[in-house]
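# Examination of the molecular architecture
Spelled out from the first residue to the last, the chains are:
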Amino acid sequence: MIGVFDSGVGGLTVLEALAAELPCEHFVYLGDTARLPYGTKSAETVVRYALQATGALMQYPLKCLVIACNTASAVSLPAIRERMANVPVIGVIEPGAEAACAASRSGRIAVIATEGTVRGAAYEEAIRRRRADVRLTALPAPLFVALAEEGVCEGPIAEAVAHHYLDPLFAAPRRPDTLVLGCTHFPMLIQAIRAAVGAQVTIVDSAQTTARHVRRTLREAGLAAAGGQGSLRLLATDAPQRFARIGSRFLERPIEAHEVELVDL
Ligand code: DGL
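These lines cover the structure that appears in this document, whether it is placed above or below. (Residues numbered from 1 in each chain as written. Predicted model: local features only at pLDDT ≥ 70, side-chain atom pairs only at ≥ 80, totals over all residues. Heavy atoms only, no water.)

## What to know about the overall build of the protein
Quick reminder of the rule: Here a helix means four or more residues in a row that DSSP labels H or I, a strand means two or more in a row labelled E, and each is numbered from the N terminus. With C-alpha atoms as the basis for the radius of gyration, the globule rule is written as 2.2 Å multiplied by the number of residues raised to the power 0.38. Exposure is judged per residue with a 1.4 Å probe applied to protein chains only, and the accessible area is read against the type maximum: over 50% gives exposed, under 20% gives buried, and values in between give partly exposed. By definition, residues are in contact when any of their heavy atoms lie within 4.5 Å. Values of accessible area rely on a 1.4 Å probe in the Shrake-Rupley scheme; residue burial ignores everything except the protein chains shown.
Within the protein, the secondary structure is distributed over 11 helices and 10 strands. At 17 Å, the protein has a C-alpha radius of gyration in line with the 18 Å of a compact globule built from 265 residues. Oriented by its inertia axes, the alpha-carbon framework of the protein measures out at about 50 × 40 × 35 Å. Buried residues in the protein amount to 54% of all 265 residues. Sequence-distant contacts in the protein: of pairs separated by 6 or more residues, those separated by 24 or more amount to 76%. If you sum the accessible surface of the protein, you get close to 11400 Å²; carbon and sulfur atoms cover 52% of it.

Have a look at this one:
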């Protein structure tokens with residue numbers, strides 16, 4: 001089984017990409033909806049929550065763990081790897097950084113994320129490790145999280161918020177040529193974000209790049225499923241009905257509340 005962990009429903013964008021890339025795999029997804037959001041919390045608290053979620057997922061026969069949450073990936077990956085020493089643990093930051101470095105010609109890259117991810121500077125480190133010439137701007141864009149959860153992903157409000165965050169960066173003459181969506185929720189707002197930055201900017205969706213990275217890792221480790229029909233088990237730490245309602249949009253398929261198992265960490 002492949003474990004996927006997020007602070008809530010946002011990681012379903014990563015799960016959707018994983019399921020498309022790996023249709024024969026069995027997934028167990030844990031959304032820590034009782035303690036969402038992680039993006040505004042201290043690194044110490046996020047590490048503690050992430051280790052508890054990891055502990056819950058370790059009850060399943062995991063061959064790989066994906067930290068779908070950017071904030072948790074940014075601050076807790078080393079601690080989780082230490083806890084799960086025998087299984088590959090993959091976060092969303094490194095694949096996103098790799099794709100951004102490969103895509104950028106000018107070396108000007110922007111990352112939008114939660115406050116916690118920006119503060120943790122993990123994208124900066126991962127990008128600079130690959131390309132010392134990069135000029136990186138990392139910007140918190142917390143309103144996008146609320147908009148995505150409320151389903152306000154297109155139209156004048158979403159576009160106004162996208163312009164509010166992105167115009168100061170992308171209206172400038174030496175603007176970035178690459179934008180990393182460094183938060184699980186942001187792919188939901190891709191149209192508004194695209195309208196604000198224009199057609200020339202490469203947008204890196206870390207859900208897609210992570211899914212490809214997981215596929216490569218499993219194949220190289222000889223752990224990929226040989227065939228058969230994949231499956232999905234959904235766990236949440238609070239409000240399964242809300243998880244199902246909002247999660248349906250993120251996963252782009254209907255989720256029934258009874259499909260979501262309530263778990264306590
Ligand atoms: N999943 C979080 C992330 O990708 C966004 C939501 C939250 O703040 O918990 O950073």
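## Some remarks on the site of the ligand
We apply this condition: In this text, near means that some heavy atom of the residue lies within 4 Å of the molecule or strand in question. Polar contact is the term for a pair of N or O atoms within 3.5 Å; when the atoms are in protein, one must be able to donate a hydrogen and the other to accept it, and sequence-neighboring residues count only if both atoms are side-chain atoms. In this classification, Asp, Glu, Lys and Arg are treated as charged, Ala, Val, Leu, Ile, Met, Phe, Trp, Tyr, Cys and Pro as nonpolar, and every other residue, Gly included, as polar.
The local shell around the ligand holds 13 residues, among which Asp-6, Ser-7, Tyr-38, Gly-39 and Thr-71 are the closest. The contact in question runs from an oxygen atom of the ligand to an N or O atom on the backbone of Asn-70, over 3.0 Å. If the ligand stood free it would expose 300 Å²; the protein chains cover 99% of that surface. Class assignment for the residues of the shell around the ligand results in 5 nonpolar, 7 polar and 1 charged.

## Observations concerning the environment of Ala-195
Here Ala-195 is to be found in helix H9 (residues 190-197). Along the chain, Ala-195 and His-163 lie 32 residues apart, while their C-alpha atoms are 8.6 Å from each other.

## Here we look at the sheet that holds strand S7 (residues 178-182)
Strand pairing within a sheet occurs via backbone hydrogen bonds; the two strands may be parallel or antiparallel. In plain terms, the rule: Pairing between two strands requires that DSSP report at least two bridges joining them. Angles here are taken between N-to-C directions and fall from 0 to 180 degrees, while the axes themselves are lines fitted to C-alpha atoms, restricted in helices to the stretch in contact.
Reading across the sheet, the 4 strands line up as S6-S5-S7-S8 and stay open at both edges, with parallel pairing between neighbours. Looking at the sheet topology across the chains shown, the edges are occupied by strand S6 (135-140) and strand S8 (202-205). Averaged over neighbouring strand pairs, the angle between their axes works out to 20° when direction is ignored. With 5 bridges joining them, strand S5 (residues 108-113) and S7 adopt parallel strand pairing. When the sheet's bridge partners are listed, Ala-113 is paired in S7 with Gly-182. Against the sheet, helix H4 (residues 93-103) touches S5, S7 and S8, its axis set at about 165° to S8.

## Some words on the nonpolar core
Defined as follows: For our purposes a nonpolar core is just a set of buried Ala, Val, Leu, Ile, Met, Phe, Trp, Tyr and Cys residues, chained together by side-chain atoms within 4.5 Å.
By size, the foremost hydrophobic cluster in this structure holds 56 residues, and its most contacted members are Leu-12, Phe-144, Leu-166, Leu-179 and Ile-193. Top element by residues in this core is helix H8 (residues 156-170). It accounts for 7 residues. Apart from residues lying up to four places away in sequence, Phe-144 is in contact with Ile-112, Val-161, Ala-162, Tyr-165, Phe-186, Leu-189 and Ile-193. Formed by 24 residues, the second largest nonpolar core is a distinct cluster that contains Val-28, Ala-53, Leu-77 and Met-84.

## A closer look at the pattern of salt bridges
In a structure, side chains of opposite charge can pair up when their charged atoms sit close to one another. Short version of the rule: In the sections that follow, a salt bridge refers to a side-chain nitrogen of Lys or Arg positioned within 4 Å of a carboxyl oxygen of Asp or Glu.
A full pass over the atoms with the stated rule returns 12 salt bridges. In this structure, the salt-bridge partner of Lys-63 is Glu-25, at a minimum N-O distance of 2.6 Å. On the criterion of sequence distance, the pair formed by Lys-63 in the loop between helix H2 (43-57) and strand S3 (64-67) and Glu-25 in the loop between helix H1 (12-21) and strand S2 (26-31) is long-range, its members being 38 residues apart. By relative accessible area, Glu-25 is classed as buried at 5%. Taking the shortest distance from any N to any O, the salt bridge between Glu-115 and Arg-119 comes out at 4.0 Å.

## Quick look at the pairing of strand S9 (residues 231-236)
A regular strand carries its side chains on alternate faces of the sheet. Heads up, the rule is: Crossover handedness is defined here as right-handed if the route from the first strand over the helix to the second strand goes clockwise, with the strands pointing away from the viewer.
One ladder, built from 6 bridges, connects S2 with S9; its direction is parallel. Within S9, the position partnered with His-26 by the bridge is Ser-231. With 3 bridges joining them, S9 and strand S10 (residues 260-262) adopt parallel strand pairing. Its bridge partner lying in S10, Leu-235 is registered against Glu-261. Since S9 and S10 lie parallel, the crossover through helix H11 (residues 240-251) that links them has a hand, and here it is right-handed.

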